[in-house]
Amino acid sequence: ILKKNAESTNVRYSLNKFADLTMTEFKMKYSMCGFKETNQDLIAKNTKVFDQNALNDLPKNVDWRKKGVVTYTKDQGQCGSCWAFSATGVLEGFYAIKYGKLLEFSEQQIVSCDTADQGCNGGWPYLALEYASKGMELESAYPYRAADGKCKFNAWSALKVNAGYQFVTANSSDALKAAIVGQPVSVAIVADGTDFQFYSSGVIVVGCGPNLD
């Protein structure tokens, strides 16, 4: 941790609840957080294409946290449900931008009720967004349990949040930037390694690879 803090100017590392785990234990218990790779034909069919003018006129930076449309950092526990948290993050931001009210939507509803995905064994954010078109309950009404559980969705208390999704052009940082100008975006990352095991604060800018998990 001292060595990594001496090397980094963007990120701070510290002792935390993962510090007594070996790297193998950390990967098995927490890093394999449930993201499944997406069908490439489906991506191609549903990719949003931005025109060059939109890409040329992007602002230098956008921080949706400062605009009040991002909820606090959450803990998925030992359940491969990162895909569900990624989906609710997008939905929360989208709803806040559209209606001016930041709400917390239920990850547990998606984990337990979205039969197109595999609960704590993993899933895809885009399928979670498809499921969410049926309506989403609030976190307070359907709290997170870090386990699969029986579906207890109550349609009477659900809010209509979204009706679809789009992918961003693969390997295009400009397209990702253009999408982020509109709203928070769901992304997949590589979450193993000491960068995440001992992470404390800051923005990780190096060390990300292609093996998304």
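Residues numbered from 1 in each chain as written. Predicted model: local features only at pLDDT ≥ 70, side-chain atom pairs only at ≥ 80, totals over all residues. Heavy atoms only, no water.

(A) Seen up close, the packing of aromatic side chains. On inspection of all chains with the given rule, the structure shows seven aromatic pairs. With 5.7 Å between their ring centres and 80 degrees between their planes, Tyr95 and Phe105 make a pair best called edge-to-face. Of this pair, Tyr95 sits in helix H5 (residues 82-99) while Phe105 sits in the loop between H5 and helix H6 (107-113), placing them 10 residues apart in sequence. The class of Tyr95 is buried, set by a relative accessible area of 12%. Note that Lys4 overlies the ring of Tyr13, its terminal NZ or CZ placed 5.1 Å from the centroid. (Phe/Tyr/Trp six-rings, centres within 6.5 Å; stacked < 30°, edge-to-face > 60°. Helix = DSSP H or I, 4+ residues; strand = E, 2+ residues; numbered from the N terminus. Buried < 20%, exposed > 50% of the residue type's maximum accessible area, 1.4 Å probe, protein only. Lys NZ or Arg CZ within 6 Å of the ring centre and 35° of its normal.)

(B) Representation of the environment of Asn10 within the structure. Locating Asn10 in the fold gives a position in the loop between helix H1 (2-7) and strand S1 (11-13). Of the residues examined, Asn10 reaches a relative accessible area of 42% and is grouped as partly exposed. Between the C-alpha atom of Asn10 and that of Val69, which follows or precedes it by 59 residues, the distance is 24 Å. Among all residues touching Asn10, those that are not within four sequence positions of it are Ser201, Gly202, Val203 and Val205. (Contact = heavy atoms within 4.5 Å.)

(C) Just H5, in detail. The end-to-end C-alpha separation of H5 is 26 Å, in line with the 26 Å expected for 18 residues at 1.5 Å each. Counting buried positions along H5 gives 13 out of 18 residues, so the element sits mostly inside the fold. (Expected span 1.5 Å × (residues − 1).)

(D) Expanded view of unusual backbone geometry. Notably, Ala146 is not glycine yet its phi reads approximately 55 degrees, a positive angle. The topology assignment puts Ala146 in the loop between helix H7 (125-132) and strand S3 (167-168).

(E) The arrangement of the state of the cysteines in detail. One pass over the structure, following the stated rule, counts two disulfides. Across the disulfide from Cys79 sits Cys120; the S-S distance is 2.0 Å. Because the torsion about its S-S bond is -95 degrees, the bridge between Cys79 and Cys120 counts as left-handed. Of this pair, Cys79 sits in the loop between helix H4 (52-56) and H5 while Cys120 is found in the loop between H6 and H7, placing the two residues 41 residues apart along the sequence. Summarising the burial analysis for this pair, Cys79 and Cys120 share the class buried. In this model, Cys113 is linked to Cys151 through a disulfide, with the two sulfur atoms separated by 2.1 Å. Between Cys113 and Cys151, the disulfide has an S-S torsion of 100 degrees and is therefore right-handed. Within this pair, whereas Cys113 is found in helix H6, its partner Cys151 is found in the loop between H7 and S3, the two being separated by 38 residues in sequence. Under the relative-accessibility criterion, Cys151 is labelled partly exposed at 36%. The connectivity of the disulfide-linked cysteines in the protein chain, indexed sequentially, is 1-3, 2-4. (Disulfide = S-S within 2.5 Å.)

(F) Structural context of the packing of H5 against H7. At a minimum axis separation of 8 Å, H5 and H7 run at an interaxial angle of 55 degrees. Put simply, H5 runs oblique to H7. Note that H5 runs across H7; the crossing there is right-handed. Between H5 and H7, the residues in contact are Trp83, Ser86, Ala87 and Leu91 and Pro125, Ala128, Leu129 and Ala132, respectively. For the contact of H5 with H7, the residue count by class is seven nonpolar, one polar and no charged. (Axes fitted to C-alpha atoms, helices over the stretch in contact; angles between N-to-C directions. Parallel < 35°, antiparallel > 145°, perpendicular 65-115°, else oblique. Left-handed = near helix turned anticlockwise from the far one by under 90°. Nonpolar A, V, L, I, M, F, W, Y, C, P; charged D, E, K, R; others polar.)

(G) Fine view of the nonpolar core. Within the largest apolar cluster, 27 residues are counted, with the highest numbers of intra-cluster contacts made by Leu91, Phe105, Ile110, Tyr126, Met136 and Val161. At the level of secondary structure, the elements contributing two or more residues to this core comprise H5, H6 and H7. Those residues in contact with Met136 that lie beyond four places of it in its chain are Thr88, Leu91, Phe105, Ser106, Gln109, Ile110, Ser157, Ala158, Leu159 and Val161. Counting five residues, the second-largest nonpolar core is a separate cluster that includes Leu55, Ala175, Ala178 and Ala179. (Core = buried A, V, L, I, M, F, W, Y, C linked by side-chain atoms within 4.5 Å.)

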